[in-house]
Structure formats: structure tokens, C-alpha cells
Amino acid sequence: MAKYALRLTVIAYLFFLVAWPLYLVGKNAFANGLDNITGILEDPDIVHALTLTVQVAVIAVIINTVFGVGISLLLVRYEFPGKRLLSAMLDVPLSVSPIVVGLALVLVYGGRNGWFGPALENAGFQVIFSTPGIVLATVFVALPLVIREVVPVLEEVGDEQEQAARSLGANAVQTFRRITLPSIKWGVIYGVVLSLARSLGEFGAVKVVSGNVLGQTRTATLVVEEKYLNFDKGGAYATAFLLALVAVACIITVSILRPKEDR
Amino acid sequence: MSIEIKNVNKRFGDFVALDNVSVSIPSGQLTALLGPSGGGKSTLLRIIAGLESAESGTVEIEGLNATKLPPQKRNVGFVFQHYAAFKHLSVARNVAFGLEIRKRPKDEIRERVNELLDLVHLRQFADRLPSQLSGGQRQRMALARALAVQPTVLLLDEPFGALDAKVRKELRDWLRRLHDEVHVTTVFVTHDQEEALEVADEIVVINEGRVEQIGSPDELYDQPANDFVMKFLGPVTQLGDRLVRPHDLHLQVGERDAEAVSGRVTRVTRIGFEIRVEVSTGDQVVTVTLNRNEFLSLGIGTGAEVQVRVAPDVPAVVRAAA
Ligand SMILES: Nc1ncnc2c1ncn2[C@@H]1O[C@H](COP(=O)(O)OP(=O)(O)O)[C@@H](O)[C@H]1O
Ligand SMILES: [Mg+2]
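Residues numbered from 1 in each chain as written. Chains lettered and ligands numbered in written order. Predicted model: local features only at pLDDT ≥ 70, side-chain atom pairs only at ≥ 80, totals over all residues. Heavy atoms only, no water.

**Q** Report on the packing of helix 2 (residues 91-101) of chain B against helix 4 (residues 135-148) of chain B, specifying residues and quantitative values.
**A** Residues and elements named next belong to chain B. Running from N to C, helix 2 and helix 4 cross one another at 25°; their axes reach a closest spacing of 7 Å. By the angle between their axes, helix 2 is roughly parallel relative to helix 4. In the packing of helix 2 onto helix 4, the handedness of the crossing is right-handed. Each of Val91, Asn94, Val95 and Leu99 in helix 2 lies in contact with helix 4, whose residues at this interface are Met141, Ala144, Arg145 and Ala148. Here the contact of helix 2 with helix 4 is composed, by residue class, of six nonpolar, one polar and one charged. (Axes fitted to C-alpha atoms, helices over the stretch in contact; angles between N-to-C directions. Helix = DSSP H or I, 4+ residues; strand = E, 2+ residues; numbered from the N terminus. Parallel < 35°, antiparallel > 145°, perpendicular 65-115°, else oblique. Left-handed = near helix turned anticlockwise from the far one by under 90°. Contact = heavy atoms within 4.5 Å. Nonpolar A, V, L, I, M, F, W, Y, C, P; charged D, E, K, R; others polar.)

**Q** A description of a nonpolar patch on the surface should follow, citing residues and the corresponding values.
**A** Residue and element names in this part refer to chain A. On the surface, Leu6, Val10, Tyr13, Leu14, Leu17, Val18, Leu22, Val248, Ile252 and Ile256 cluster together into a nonpolar patch covering about 960 Å² of accessible area. Only helix 1 (2-29) and helix 13 (233-257) provide two or more residues apiece to the nonpolar patch. The element best represented in the nonpolar patch is helix 1, accounting for seven residues. (Patch = residues over 30% accessible without salt bridge, like charges linked within 9 Å, V, L, I, M, F, W, Y side chains within 5 Å. Areas by Shrake-Rupley, 256 points an atom, 1.4 Å probe, with all protein chains shown as cover. Salt bridge = Lys/Arg side-chain N within 4 Å of Asp/Glu carboxyl O.)

**Q** Can you tell me about the layout of surface pockets, naming the residues and giving the values?
**A** Residue and element names in this part refer to chain A. If you add up the space inside the second largest pocket, you get close to 660 Å³. Residue lining of the second largest pocket: 21 residues in total, with Arg77, Tyr78, Asp159, Glu162 and Arg166 positioned closest to the centre. Looking at the lining of the second largest pocket, the elements that each hand over two or more residues are helix 3 (44-77), helix 9 (160-167) and helix 10 (172-201). Residues of the lining of the second largest pocket, tallied by class, amount to seven nonpolar, five polar and nine charged. (1 Å grid on protein atoms, 1.4 Å probe; cavity = no way out; pocket = protein on both sides within 12 Å on 5 of 7 lines; lining within 4 Å. Points joined across faces, edges and corners; volume = space filled by probe spheres on them.)

**Q** So what about the packing of helix 8 (residues 131-157) of chain A against helix 10 of chain A? Which residues, and what values?
**A** Any two packed helices are characterised by how steeply their axes cross, that is the angle between the axes, and by the distance between the axes. All names here are of chain A. Relative orientation of the contacting elements helix 8 and helix 10 amounts to 155°, with a least axis distance of 8 Å. Relative to helix 10, the element helix 8 lies roughly antiparallel. Judged by the sense of rotation from one axis to the other, the crossing of helix 8 with helix 10 is right-handed. Here Thr138, Val141, Ala142, Leu145, Val146, Glu149, Val150, Val153, Leu154 and Val157 of helix 8 come into contact with helix 10, specifically with Thr180, Ser183, Ile184, Gly187, Val188, Tyr190, Gly191, Val192, Leu194, Ser195, Arg198 and Ser199. Of the residues in the contact of helix 8 with helix 10, the class split is 13 nonpolar, seven polar and two charged.

**Q** Help me get a handle on the pattern of salt bridges, residues and values and all.
**A** All names here are of chain B. Enumeration over the complete set of coordinates arrives at 26 salt bridges over all chains. Residue Glu195 is joined to Arg172 by a salt bridge in which the shortest nitrogen-to-oxygen separation is 3.7 Å. Of this pair, Glu195 sits in helix 6 (residues 193-199) while Arg172 sits in helix 5 (residues 165-182), and the two are 23 residues apart along the sequence. Both residues of the pair, Glu195 and Arg172, count as buried. Of the charged contacts, one joins Glu198 and Arg172 as a salt bridge, the two residues approaching to 3.1 Å between their closest N and O atoms. Of this pair, Glu198 sits in helix 6 while Arg172 sits in helix 5, and the two are 26 residues apart along the sequence. Several salt bridges share partner residues, and in doing so they unite Lys169, Arg172, Asp192, Glu194, Glu195 and Glu198 into one network. (Buried < 20%, exposed > 50% of the residue type's maximum accessible area, 1.4 Å probe, protein only.)

**Q** Tell me about the side chain of A:Lys83, residues and numbers included.
**A** Residue and element names in this part refer to chain A. Looking at the element boundaries, Lys83 is found in helix 4 (residues 83-89). Side chain to side chain, Lys83 and Glu79 meet in a polar contact 3.3 Å long. When sequence neighbours within four positions are dropped, the list of residues in contact with Lys83 reads Leu75 and Tyr78. (Polar contact = N/O pair within 3.5 Å; in protein donor to acceptor, adjacent residues only side chain to side chain.)

Written out as C-alpha cells, the structure reads:
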């Protein structure tokens, strides 16, 4: 009995908190049939925003995956001074508000008053109010996701297989490609998917660093806000629906594909 | 000599794992590193394989100074206690791994893998994943994988430690037979003295990071260098200031004997074919083991007055540390 009560509570909780609101977004997006969706897909500025969001997310995910796997290996396989500090630092992006991240990045890379920005600007490289800044902010907020997925998997598989590979003649690169990577594959994929979902949806940090220029640095989440504030509810819901759709689809696909014993 | 270890030291933090260890391991033989848990056996084996580095000292493998070589350049086969099977690869691909790394032609790899799978009786499991094998089968796979690259030396770290007693015994006999066939210089770690005595040609006894004795099973058993080795290799009891094996003691009744010690039987225990008699000599309780016939012909029981004597020509007598 207690088991069913608990189950019911959890289902109700998830329903009211996640499923029902998400459903309503979808419902509102299709309130006028396909009009809202076709409306935004015919607006070149919105298409630009969607494309920018996807580009930024893909670049950010690639960067976070490469560094995430590297840092995970460092954390799990090596001992070095300051390791605990590094591990704690990796949680900062999750705990600090994205808007603070945005402001911090402006302080460092801002073109006029930033600590590092003017030098980059003189070298012809604008970070804040342009795509690199958006990528940077997105990388920052999604930084720990791959690491948090990969570290426990690396710990669980241990390093005996890697040692066996070394003793069989494999060098470090061969060992990584043939042994380590296949054994952490699902952790990496799951981390990539979470990062992708997070990157597509980033709002606060991006809002500060992008400058929000229509048709140039305005991303999909910023479009949603803009449309919502300008009483274009239909467009806002349609864009929001597309964002949610991609993220949810990613996560569902992976949890279906992921083999049971790896969970 | 196939493996020459000279003055190797290894510390983990403040803890001394190996203390100036020097060992020569002969070619083509089966050598056991024997000792209690935590004594440094695995550390020494891993230093030979290059999986761990020594702070000082040298390791030579077949005349080649390997001290600074990374593991992949040492051409050693290593078998882990928990198999270290490549979980995502089939049995055949596991065995083929070292050959694929060495970029051997496909045909040659297939032929060699089949040969090895026959050797370890796993041919019919070639396409299975390691998770579909039993522990014993996994370990045979790991052995085939290590042998595939034709290593100069084969190193096994408690290879049967994770298996149940029956499979362990089977694999032990099988390893001995395999070694008689393949003749690769083999070093295996064990904390089981019976396993070492039964399988090895040569035993290195290691305790607390030091080598206590090196010798054949007979030498170790009959001429232990010190009381640690004597105690570790089999049951011991103390008579006066001498450590002896309980079956090397004789009991007699009646006539006095200058070399014998008098005492009173305090306890008689029968364990299968063996009778264990405890004799109190006043300040000591000495354990003597006899077979059933010897015991019956003495006609003694608890409380009987007896004399205990070390059997003549018992080579293994050591003065016990005070
Ligand atoms: N990587 C390590 N870090 C710290 N201590 C270790 C490490 N490896 C082994 N030791 C310690 O060194 C000692 C010897 O270990 P080991 O060589 O594994 O012993 P054995 O194989 O004889 O049981 C043990 O006390 C163990 O705790
Ligand atoms: Mg060990």
C-alpha cells in the first residue's frame, strides 16, 4: 500500500511540475493549428536565431565533451595537488546563477573595460556581443554535465583493463581509443545529451553577453522572451515548443537506446 | 637468469612496500612469489611488468635493462586476479588484442587466436562476451590473451584467487601442465603455500617488503632459512627452543631417553586419518601428529605419561626466536 501511495505521489509531482506545464506549452503552440509554427519558420530573423542556437550548442557541446572527458580522466586516474579544489570548482557553474556567469564574462572579456577583452579586441577578436561570447557563456554553464556523467563510470570500470591493454603493447592513445572510450561510451553520450539540452536552453548568461541583436546575436531563448514580452504569445510558445521538443527528444532517444545493464 | 631484480625499493607515502629487494628468476621455470597478504608481492610483480615504478633499483628482463621501459615495451604477459577482461570485446577479440596492436596480418591473427583458444579450451566460446563466461573461463581467456603476444615472461597476480576452491584446484593443475607445454618463464603471486608448493619449480618467500628465502619447494620445506618461512609453509610446534613440524615429532612411552622430553597428554583430536596429540611438558604445550596405526600401537590416551622426541634426520629444525 505504502509503495503505491509513494508511486502515486511521485507521478502526481512529476505530472504537475513537468509533464502538464510542458504539455500546455505544446497545446498553446498549436492553438491555431500549424499557424504559429509556420509563422516563426517563415521569419528569417527567427530562423537565424534558431540556427545560431544550434550552432552555438553544437560547438559548446564539442568543447565540453573533449575537455570533460579529459578532465574526468585527470580526476579519476591521476593524483595531483589541488585535485579536490579542482573537483569542487567544477560544480561552480551549476551552483552560480547564469546571469552572474554572464556578468563575470563581461568583466573579463568585455571589449572596452574588460580585463582581457581590449587586448583581444585589438587583435581583431570580439568576444562579448558576438558569437564567441555566446559560446563561452554556454560552455561555462554546461561545463560539469559531461564530467559528472563520466567520472562515476570511469571509477566503476577501474583501470585494470587499461593496464592490461598497456601490458599487451598498446600505447596511451591506443589504450584510450580501444579500451577506455568504449567502456565509458554511454556516460559520454548521456553527458553529451544533457549538455546539448542545457546548451540549447541557456538564457541568462547568453542574455548578458550576446547583446541580443536581432538577426545577429539573438538566440532562440531570447526570441521566446522577446515575443512573450511583446504579446506575441503564439510565436513565443511555438519557439519554446521547438526548444523543448529537441531537448526532450534527445533525452528520450538516449534512455531508450542505452543498454539496461549500463544504467 | 631471465629476470634480474636488483636492490628495488618502493614506498607508498611513508609505507615501505619493498625494502631493497633483489631476486633472480630463472628462465623457463614456474616461479611463485609467496607470502602473506600485504607483503609486497603484487607490487614486485607490477614493477616487473612496468605497471608500477620503483624508486630505486633495476629490473632486467632477458638481459635487457627494463627499469625505465613503459609496460607496452616490455613484452610481458600480465594476468590479473580479477581477469581485467575487455568487457566490450568478444573472447576472440580479447585474445587478438595484442596481435592487432602489433598490426599482424589478419590471417595470422585468426590462426593464432584459434590455436590459443584451443589451448585454453574456449574455442566454442570465441564469439561470446566475457560477461557470458564463468570466472574460470574468463581467467583462461585472460591467460590466452597474455600468451598471444608470445611474451618473454608471463606474470600472474593471484590468478586463481577469485575462484572457488574446486575450480582453483583444477586451474592450478592445468597451469602446471600448460607450463610444461609452453615453457614460457612464468612468475605467479599467491598467498596460498599449498598452491606454491604444488605448482612452482622455485619459490620466493616475501614478507613485509623483504625476501625471506628463495629456493625449490623441497629446500624451503626441509631447510627453511628462518622461523617465518618455517611457519608460513606448514604447521609448526615448539619443543624447547626448537620449531619443528608436528609430524616430525615422535612419541614414546616407558624407557627414558636423553634426547626426549617428558610430558603428559592433555588432549587427543582425530582429524580424518590424522591424530593430533597435545602434550604438556610443564612449561609448553607441544602438538604431535601421528597416523592412526602409530597412535593405536602406543596405546595412550588423555593423561598418559609420554616422552616427546624430534625424529632423527629431520633437516628442518630452527632455533625459535626468543
Ligand atoms: N597504490 C597503492 N597505494 C598505497 N598503498 C599501496 C598501493 N599498492 C599497494 N599498497 C600497499 O603496499 C603493501 C603491499 O601491497 P601488495 O604488493 O599489494 O601486497 P600483496 O600483493 O603481497 O598482498 C600493502 O600494505 C598495500 O596496502
Ligand atoms: Mg596482491
